[in-house]
Structures are given as C-alpha cells and as structure tokens.
Amino acid sequence: MTEELLEKPVATDDRVQLESSWKKRLLPEFEKDYMESLKAFLVAEKKAGKVIYPRGDEYFNAFNLTPFEQVKVVILGQDPYHGPGQAHGLCFSVQPQVPFPPSLRNIFKEIQDELGLPIPNHGCLTHWAQQGVLLLNAVLTVEQSKAAAHQGKGWETFTDAVIHKVNNELENVVFLLWGSYAQKKGNFIDQSKHCVLKSPHPSPLSAHRGFFGNGHFKKCNDYLESKGISPIDWRVPD
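Here is what the cut-offs are and how they apply
- Residues numbered from 1 in each chain as written.
- Predicted model: local features only at pLDDT ≥ 70, side-chain atom pairs only at ≥ 80, totals over all residues.
- Heavy atoms only, no water.
- Buried < 20%, exposed > 50% of the residue type's maximum accessible area, 1.4 Å probe, protein only.
- Helix = DSSP H or I, 4+ residues; strand = E, 2+ residues; numbered from the N terminus.
- Pairing = 2+ DSSP bridges.
- Expected span 1.5 Å × (residues − 1).
- Contact = heavy atoms within 4.5 Å.
- Axes fitted to C-alpha atoms, helices over the stretch in contact; angles between N-to-C directions.
- Phe/Tyr/Trp six-rings, centres within 6.5 Å; stacked < 30°, edge-to-face > 60°.
- Salt bridge = Lys/Arg side-chain N within 4 Å of Asp/Glu carboxyl O.

Caption draft 1: The pairing of strand 5 (residues 174-178), seen in detail. The buried fraction of strand 5 is high, at five of five residues. Residues Val 174, Leu 176 and Trp 178 line one face of strand 5 and the alternating positions Phe 175 and Leu 177 line the opposite face, and both faces are buried. In the sheet, strand 2 (residues 73-77) pairs with strand 5 via three bridges, with the strands oriented parallel. Note that in strand 5 the partner of Val 74 across the bridge is Phe 175. In this sheet, strand 6 (residues 195-199) lies alongside strand 5 in parallel orientation, the contact comprising five bridges. Bridge assignment links Leu 176 to a residue of strand 6, and that residue is Leu 197.

Caption draft 2: Representation of helix 5 (residues 102-115) in the model. Across its 14 residues, helix 5 extends 20 Å between first and last C-alpha, which sits within 8% of the 20 Å expected from 1.5 Å per residue. What helix 5 keeps buried is the set Ser 103, Leu 104, Asn 106, Ile 107, Phe 108, Glu 110, Ile 111 and Glu 114. In this structure, the buried residues of helix 5 make contact with helix 6 (126-129), strand 5 and helix 9 (216-226). The positive-phi residue at the C-terminal boundary of helix 5 is Gly 116, with phi of around 75°.

Caption draft 3: Highlighting the sheet that holds strand 3 (residues 133-137). Overall, parallel pairing links the four strands, which are arranged 3-2-5-6 in an open sheet. Single-partner strands in this sheet number two, and they are strand 3 and strand 6. Averaged over all adjacent pairs, the angle separating strand axes in this sheet is 20°, with direction ignored. Along the sheet face, helix 7 (residues 155-169) touches strand 2, strand 3 and strand 5 and points at about 155° away from the line of strand 3.

Caption draft 4: How the structure looks around the environment of Ala 87. Note on placement: Ala 87 falls in the loop between strand 2 and helix 5. Separated by 32 residues in the primary sequence, Ala 87 and Arg 55 have C-alpha atoms spaced 8.3 Å apart. Excluding residues within four positions of it along the chain, Ala 87 makes contact with Tyr 53, Pro 54, Glu 58, Pro 80 and Tyr 81.

Caption draft 5: Molecular detail of the packing of aromatic side chains. On inspection of all chains with the given rule, the structure shows 18 aromatic pairs. One aromatic cluster is present, formed by Trp 22, Phe 30, Tyr 59, Phe 60, Phe 63, Phe 68, Trp 155 and Phe 158 through successive ring pairs.

Caption draft 6: Fine view of the pattern of salt bridges. Throughout the structure, instances matching the rule amount to 11 salt bridges. In this structure, the salt-bridge partner of Lys 146 is Glu 143, at a minimum N-O distance of 3.7 Å. For Lys 146, a relative accessible area of 44% translates into the label partly exposed. The shortest N-O distance in the salt bridge between Lys 185 and Asp 160 comes to 2.6 Å. Here Lys 185 is found in helix 8 (residues 180-185), whereas its partner Asp 160 is found in helix 7, with 25 residues between them in sequence. Of the residues examined, Lys 185 reaches a relative accessible area of 9% and is grouped as buried. Exposure remark for Asp 160: the relative accessible area of 28% places this residue in the partly exposed category. A single network of salt bridges, built from pairs that share partners, joins Arg 25, Glu 69, Lys 165 and Glu 169.

Take a look at the structure:
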C-alpha cells in the first residue's frame, strides 16, 4: 500500500486518518501482502452488504487519540463489540448513551472498589486514551452480530507489530493483560523495561476468579509514579 492509500488505511472512507507518529512507524505494515489481503477482504464484505463495526473512520481511533510518544499504558482487548452503536475503536469502550457491556461494568466496579471512584454515567473511555492509555484490540473490525468474524484475516499481525514497536522503542510502559488471549499476545514483552500486570478477564465468566481485587489500577499508577511519570486519572468524566 502506498502512503497515499494510507491516508484511507484499509478502509474505503476518505475521512480515515492515521496519526502521524504511528504512521511513521507503521507505514511498512501497510505495504505488506497480509495488509493488502485484509483490505481486499474488508472491501468485499462491504460490497456484499455486510455491516462492519466500528465505522471506517474509527478503525484507528486508539492510535489517533494516543500518539506513540504519549503511550504510558496498554490495555489489550480481543475484538470490537458487535452490537449497533457500541464499538468506536477503543477496546472495552462504548459510545455515550450505550449501556455498559458486562466486562466494562466489571472494570468500573473494580475501579470503584480499588480507588473509591464512582461508577460513571457512560462508558466512553476517551479520557483514558487522551492521557496515554492505548486501548488496543487485537482485531480492529467485526461483522455486526458475529463475534470474532474478522479474526485470522490479518489484524492480529498488524497489532503484533504495534506491540513490538511499543515494547522496543518505549520504556516504563504498563501492560494490562486480562485473560489468556491478551497474555498470550503479550508474551514477548520485555519485563525488564516495562511493567506487565496479568489477571483473569473482566468478563462475568472469569471476573470472580481474580479480576476483582487484582489491584491493577493502583499498581499501574504506583509504577508510573515510581518512574517519575504522571499517573492516570481513571475517572470517566460526565
């Protein structure tokens, strides 16, 4: 893919942009065969009338809201929510006015128990992203009502490259790896230069097996402050 095509990366929507600090590092990925195949797959799905989430101009929202040099924390998700109006390019986050999915509700419960912060009135996590929390799904698109429909199409290779860039070029980043999928994807992270926190996933199926009480939000901030880095405000403002 040429740089001109990168201005509308993988999607067909001209409004899609990739933030410049990420584009500089990820441009080679857009020139590889797997990305060409991924683009062809997405175009074919749209031509077949399938509804894809999030919108084309939100595929790279995590990068556009959190420039590379500002990354302090990485939270790894699996793939976007597949219900109408939910996904907007940030893992675990939903648009305002959308009811909390169960995992997000459990994240807010843990923050309340751990830090004493109130349960917010919406689930849009842009406040976190703007502070340096890279809310990265392993797969950046999904078909409506079909969870995991776009797994194995190439996104995982792209997001592996993202994690390698953060791992290799930055220091003192906190990786929050919840569940076996995230832990497997992040198993190459250099723990001598980064902080890696692991626990079960916040899903209702596993939250009571160790996500609740994991202390990750406080541990994250304690680590950042120990390195002279400003902590994350884990509130979700009204």
